[in-house]
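Descriptive analysis of the structure
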Amino acid sequence: MPSTKQPHQPSVNGTASGRIKQHKGSRKKSKLVSLIPLLCGIAALAVIIHTDPALLHWEKAWPELVRPLLRMLIYLAIGLAVGLIIEGAGWAPFLARLARPLTRWGKLGQTAGAAFATAFFSGTAANTMLMEAMQDGRISQDELRASYLVNTGLPVFLLHLPTTFFIVVPMTRTAGIIYLTLNGMAALARTMVLLAWSRNRLKHCTQEAATASGRQSVKLDLQRVASLFRRRFARIILFTAPVYFLIYALTQAGVFEALRMAAAKGVSWGFLPVEAASVIIFAVAAEFTSGIAAAGALLDAGALTTAQTVTALVLGTIAATPIRALRHQLPSHAGIFTPRLGFMLLLQSQFLRIASLLLATGCYLLFAA
């Protein structure tokens, strides 16, 4: 009599059970993420009420909260639209070809190459392209991370070079040129090291990403672009506005001022003269231009040598940049990426920037000595 034994089913049931658990886990995680804007808003209100409720009055909130937030959202909207149009119009392959000598060596796919080329004129658009590609399954999170960090190297440095050059060099002359050269060498080193890392780490997933990217249509669907824009920009507002509100509250409460002063004191001890310490304090506690102006004045007066001026400017940058990044970049990163991913990317990029700048400066000081 033939056997009527049923086929073994536990693997199917186990797979289905695993999928259900994974789905429940993702739903739970999504609910937790959706609470972040609410928690940021509540925390910001609590800080402001404790500090000064008058900070919510229109005459105070408009110039320091509402207007800067609107300006940030406008820039984010422009960057988002540019990124979506580049993707929707099929321009990504053209942009990828421009960056192909570098990205091909780094084993990065077409989307990453297009984002690299885009980052030379818009970091927001490049980040939007990467996030959209990851959500569509065209690149992995590892490739997004590698591409983002590569883009924060040479592309970001060259993007801001015209502005910084005409501020730094007229005030500090040779010291300013050396300072910018060190920043450029550090940015180039970061880009090349990260490309070498991606070449060894991302071989398989980039091949899949390139294949997926090749299937995109080259016909621009404006209706689809508009739909994606509305969906993505609503999410950006949802996360960016509350995070920016919290940053505003913490700023008014003096949290970032305390961090700046602590950073200024922390890097002013030791081998530099008091004059160099004042450059660092100005760069950290005030604005970047104030530190440059102080360095130029002390250099002209003969109080600092060229090497001391360069060192003071580098230390001021190292102490000030991470704090400014948290204040100015964290809200937009939380909106473009997820809050957790945006925060981690920001921390990683700042760590790599500081490490590469210290290495470049150390080499310069050994040579100058």
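Residues numbered from 1 in each chain as written. Predicted model: local features only at pLDDT ≥ 70, side-chain atom pairs only at ≥ 80, totals over all residues. Heavy atoms only, no water.

**Quick notes on the overall build of the protein**
- Along the backbone of the protein there are 16 helices and zero strands.
- When contacts within the protein are restricted to residue pairs at least 6 apart in sequence, long-range pairs at least 24 apart make up 77% of them.
- Total accessible area on the protein is roughly 19,400 Å²; 67% of this is exposed by carbon and sulfur atoms. (Helix = DSSP H or I, 4+ residues; strand = E, 2+ residues; numbered from the N terminus. Contact = heavy atoms within 4.5 Å. Areas by Shrake-Rupley, 256 points an atom, 1.4 Å probe, with all protein chains shown as cover.)

**Examining helix H7 (residues 141-151)**
- Of all eleven residues in H7, nine are buried, a share of seventy percent or more.
- Along H7, the residues classified as buried are Glu143, Leu144, Arg145, Ala146, Ser147, Tyr148, Leu149, Val150 and Asn151. (Buried < 20%, exposed > 50% of the residue type's maximum accessible area, 1.4 Å probe, protein only.)

**Description of a nonpolar patch on the surface**
- Together, Leu35, Leu38, Leu39 and Ile42 make up a nonpolar patch on the protein surface, roughly 380 Å² of accessible area in all.
- Within the element layout of this structure, Leu38 appears in helix H1 (residues 10-51). (Patch = residues over 30% accessible without salt bridge, like charges linked within 9 Å, V, L, I, M, F, W, Y side chains within 5 Å. Salt bridge = Lys/Arg side-chain N within 4 Å of Asp/Glu carboxyl O.)

**Some details on the pattern of salt bridges**
- Evaluated as defined, the whole model comprises three salt bridges.
- Across the pair Lys60 and Glu64 runs a salt bridge, and its minimum N-O distance is 3.1 Å. With a gap of four residues between them, Lys60 and Glu64 both fall in helix H2 (residues 58-88), about one helical turn apart.
- Measuring nitrogen to oxygen at the nearest pair gives 3.3 Å for the salt bridge that ties Arg138 to Asp136.
- What makes Arg138 buried here is its relative accessible area of 10%.

**As for the packing of aromatic side chains**
- Inspection of the entire model under this criterion finds five aromatic pairs.
- Ring geometry for Trp58 and Trp62: centres 5.4 Å apart, planes at 25°, overall stacked. Here Trp58 and its partner Trp62 are both found in helix H2, four residues apart, which amounts to about one turn of the helix.
- Note on Phe116 and Phe120: the rings are 5.3 Å apart at their centroids and 85° apart in plane angle, and the pair reads as edge-to-face.
- Its relative accessible area of 5% is what places Phe116 among the buried residues. (Phe/Tyr/Trp six-rings, centres within 6.5 Å; stacked < 30°, edge-to-face > 60°.)

**Some points on unusual backbone geometry**
- The backbone of Lys107 sits at a positive phi, close to 60°, despite the residue not being glycine.
- Mapped onto the secondary structure, Lys107 falls in the loop between helix H4 (100-105) and helix H5 (110-118).
- In this structure, Arg173 is a non-glycine residue whose phi angle is positive, near 50°.
- Of note, Arg173 is situated in helix H8 (residues 154-201).
- Taking relative accessible area as the criterion, Arg173 reaches 39% and is therefore assigned partly exposed.

**Brief notes about the confidence of the model for the protein**
- Averaged over all residues, the pLDDT of the protein is 78; the fraction at 70 or higher stands at 76%.
- Scored below 50 in pLDDT, residues 1-14 shows zero contacts in the model against residues more than four places distant or in partner chains.
- The model gives residues 204-218 a pLDDT under 50, and that stretch makes 24 contacts with residues more than four places away or in other chains. (pLDDT = per-residue confidence, 0-100.)

**Describing helix H6 (residues 123-135)**
- The terminal C-alpha atoms of H6 lie 18 Å apart, and with 13 residues this matches the ideal 18 Å at 1.5 Å per residue to within 8%.
- Among the 13 residues in H6, ten count as buried, and that is most of the element.
- Within H6, burial applies to Ala125, Ala126, Asn127, Thr128, Met129, Leu130, Met131, Glu132, Ala133 and Met134.
- Its buried side turned inward, H6 meets H2, H5, H7, helix H10 (222-252), helix H15 (330-336) and helix H16 (339-368).
- The N-terminus of H6 is capped by Ser122, whose side-chain oxygen sits 3.1 Å from the backbone nitrogen of Ala125. (Expected span 1.5 Å × (residues − 1). Polar contact = N/O pair within 3.5 Å; in protein donor to acceptor, adjacent residues only side chain to side chain.)

**Thoughts on the environment of Leu180**
- Assignment of secondary structure puts Leu180 in helix H8.
- Placed 23 residues apart in sequence, Leu180 and Phe157 show a C-alpha to C-alpha distance of 9.4 Å.
- Residues in contact with Leu180, not counting those within four places in the same chain, are Phe157, Leu161, Thr164, Phe165, Val168 and Val169.

**What to know about the nonpolar core**
- Counting residues in each nonpolar core, the largest one holds 52 residues, and the members touching the most others are Leu144, Tyr148 and Phe337.
- Looking at this core element by element, the count peaks at eleven residues for H10.
- With residues up to four places along the chain from it excluded, the contact list for Leu144 reads Leu130, Met131, Met134, Ile139, Phe337, Leu341 and Leu345. (Core = buried A, V, L, I, M, F, W, Y, C linked by side-chain atoms within 4.5 Å.)

**Digging into the packing of H2 against H6**
- The contact between H2 and H6 brings their axes to 8 Å, and the two run at 55°. If you check the angle between H2 and H6, you find them oblique. Our pair here, H2 against H6, has a crossing hand that is right-handed. Contacts between H2 and H6 involve Tyr75, Leu76, Gly79, Leu80, Val82, Gly83, Leu84, Ile86 and Glu87 from the first element and Thr124, Ala125, Thr128, Met129 and Glu132 from the second.
- By residue class, the composition of the contact of H2 with H6 is eight nonpolar, four polar and two charged. (Axes fitted to C-alpha atoms, helices over the stretch in contact; angles between N-to-C directions. Parallel < 35°, antiparallel > 145°, perpendicular 65-115°, else oblique. Left-handed = near helix turned anticlockwise from the far one by under 90°. Nonpolar A, V, L, I, M, F, W, Y, C, P; charged D, E, K, R; others polar.)

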